[in-house]
Amino acid sequence: MFCRILCFSVSATFLLLLSCGGSDSPAAPDKPEPAYDFVHHQDIATQGGADFQSFAIGGETYLAAANAYSGSSVDIDSRIYKWVDTSFVEFQAIPTSQASDWEYFEIGSESYLAVANLSSGGSTNTDSRIYRWSGTAFIEVQSIPTSGAFDWEFFEIGADPYIAVANEHSDYDFTIDSKIFRWNGSSFVEFQSIPTMGAKDWEFFTVGADSFLAVANWTDGVTRNVDSRIYRWNGSLFTEYQSIPTVGGRDWEPFEIGAEAYLAIANFSDGATQDVDSRVYRWNGSSFTAYQSIPTSGATGWEYFEIGAVSFLAVANYVSTEANSRNIDSRIYIWDGASFAAHQAVPTHGAQDWEHFVIGQDHYIACANLFDGSTYQLDSIVLKAVAR
């Protein structure tokens, strides 16, 4: 439950007084946005569910699920689901190796999916892969060597498409380069290497005319108290712009509310406990400064979304040191005009990711469950937003 202060009440009275002077029919105040609850809609069987990616092709909605681990092997199928009537049904299985992320993107009239493969055969030096939509299914078109790939981020600058991979670690070291690739007209070629420390996530965003890439650094192999970094495009490549202290940085989420730009970081652990604050930063005209701290438990991901004029921020909580459990609540927060306030708790099991999508007029949010402490064979969930 939450309360909203309707900011138009004073101004509406003022308008009423003005209209009373020249009209017998004063205008009614704007109708407030409805409140929403997120209710269970569907379970999706996953094996170490690590990520969801929603997309649409030809008016059809799909949901790709990254399966990381069956309990005995990382070399398992990840799956793509298609929305049929009122729910998702399995559409295609793709062999993956500890899949950690799906990234959908389009170049011209072509649709693609990239999978980040974290490891195979006991080594993190494994290829991640790019698939192209054939008209009926996704087919492999490119294999890219990666080192513990944890995330892909597609973006465009001008007319040039790019894709960045967050390399978490090699077989020996967390302090390795993550890489940016540029499209050459037929495939992606290496464009720039950036030193990272256990990189978990890249996020591309713009503020005004400037383009940025933020990397979430997880650990240098010794401590999780390492800086995550923001890079700015200088016209030819990305250069370091700002360093932000994080504790096991797992995921960045850029968003805008009104004219303000924000950046949220999911902090996983400071090395002693997973029950640490994650933070929201606000752009002050030249850099991001701390704006709000939110208590989280092994936070693995943020998802910002809007329903009408209402702004939400969902966090995936993986594990709590205090509760000694992965069977804990992940949470959805609502913007109250000045900050994010608690809105709804959702029971999850080693949650890894939230994904928001819209089908017709309906809003949904899916959560990938990785591990409940005893099994990786878990249902991940799809929730539907229902107006109260």
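Use the structure listed above.
Everything quoted here is computed from the prediction, not taken from an experiment.

Trainee: Explain the pattern of salt bridges to me, please; I cannot follow it from the model alone.
Mentor: Under the criterion given, the structure shown has eight salt bridges. The shortest N-O distance in the salt bridge between arginine 129 and glutamate 140 comes to 2.9 Å. With a gap of eleven residues between them, arginine 129 in strand E8 (residues 125-133) and glutamate 140 in strand E9 (residues 138-147) connect regions that are remote in the sequence. For glutamate 140, a relative accessible area of 42% corresponds to the partly exposed category. The residue glutamate 190 makes a salt bridge to lysine 179 at a minimum N-O spacing of 3.2 Å. Pair noted here: glutamate 190 is in strand E13 (residues 188-197) and lysine 179 is in strand E12 (residues 175-183), with a separation of eleven residues, a long-range link. Judged by relative accessible area, which is 48%, glutamate 190 ranks as partly exposed.

Trainee: What am I meant to see in the pairing of strand E2 (residues 49-57) here?
Mentor: On any regular strand, side chains alternate: one points to one face of the sheet, the next to the other face. For E2, a buried count of eight out of nine residues is recorded, marking the element as mostly surrounded by other parts of the structure. Here E2 folds back onto strand E3 (residues 60-67), and the loop between the two strands holds two residues, one of which, glycine 58, carries a positive phi near 55 degrees.

Trainee: I keep staring at the sheet that holds strand E27 (residues 362-369) and nothing clicks. Help me out?
Mentor: The pairing of strands in a sheet happens through backbone hydrogen bonds and is either parallel or antiparallel. What the four strands build is an open sheet, ordered E1-E28-E27-E26; its pairing is antiparallel. Among the strands making up the open sheet, the edge pair consists of strand E1 (36-47) and strand E26 (351-359). Pairwise comparison of adjacent strand axes, ignoring direction, gives a mean angle of 20 degrees for this sheet.

Trainee: Sorry if this is basic, but what is going on with the nonpolar core here?
Mentor: The nonpolar side chains of a soluble globular protein tend to be buried, and buried together. Grouped together as the largest cluster of nonpolar side chains are 23 residues, with contacts concentrated most on Phe55, Ile57, Ile80, Trp102, Leu113 and Phe138. When contributions to this core are tallied by element, the ones reaching two or more residues are E2, E3, strand E6 (99-107), strand E7 (110-117) and E8. Excluding residues within four positions of it along the chain, phenylalanine 55 makes contact with Glu60, Thr61, Tyr62, Ala64, Ile80, Tyr104, Leu113 and Phe138. By size, the runner-up hydrophobic cluster in this structure holds 18 residues, among which are Phe305, Phe312, Trp354 and Ile365.

Trainee: When you look at the environment of serine 170 in this model, what are you seeing that I'm missing?
Mentor: Structurally, serine 170 can be placed in the loop between strand E11 (160-167) and E12. The buried category is assigned to serine 170, whose relative accessible area is 15%. Residues serine 170 and alanine 149, spaced 21 residues apart in sequence, show a C-alpha to C-alpha distance of 9.4 Å. In this structure serine 170 touches Thr124, Asn125, Ser147 and Ile176, once residues within four positions along its chain are discounted.

Criteria and thresholds
Residues numbered from 1 in each chain as written. Predicted model: local features only at pLDDT ≥ 70, side-chain atom pairs only at ≥ 80, totals over all residues. Heavy atoms only, no water. Salt bridge = Lys/Arg side-chain N within 4 Å of Asp/Glu carboxyl O. Helix = DSSP H or I, 4+ residues; strand = E, 2+ residues; numbered from the N terminus. Buried < 20%, exposed > 50% of the residue type's maximum accessible area, 1.4 Å probe, protein only. Pairing = 2+ DSSP bridges. Axes fitted to C-alpha atoms, helices over the stretch in contact; angles between N-to-C directions. Core = buried A, V, L, I, M, F, W, Y, C linked by side-chain atoms within 4.5 Å. Contact = heavy atoms within 4.5 Å.

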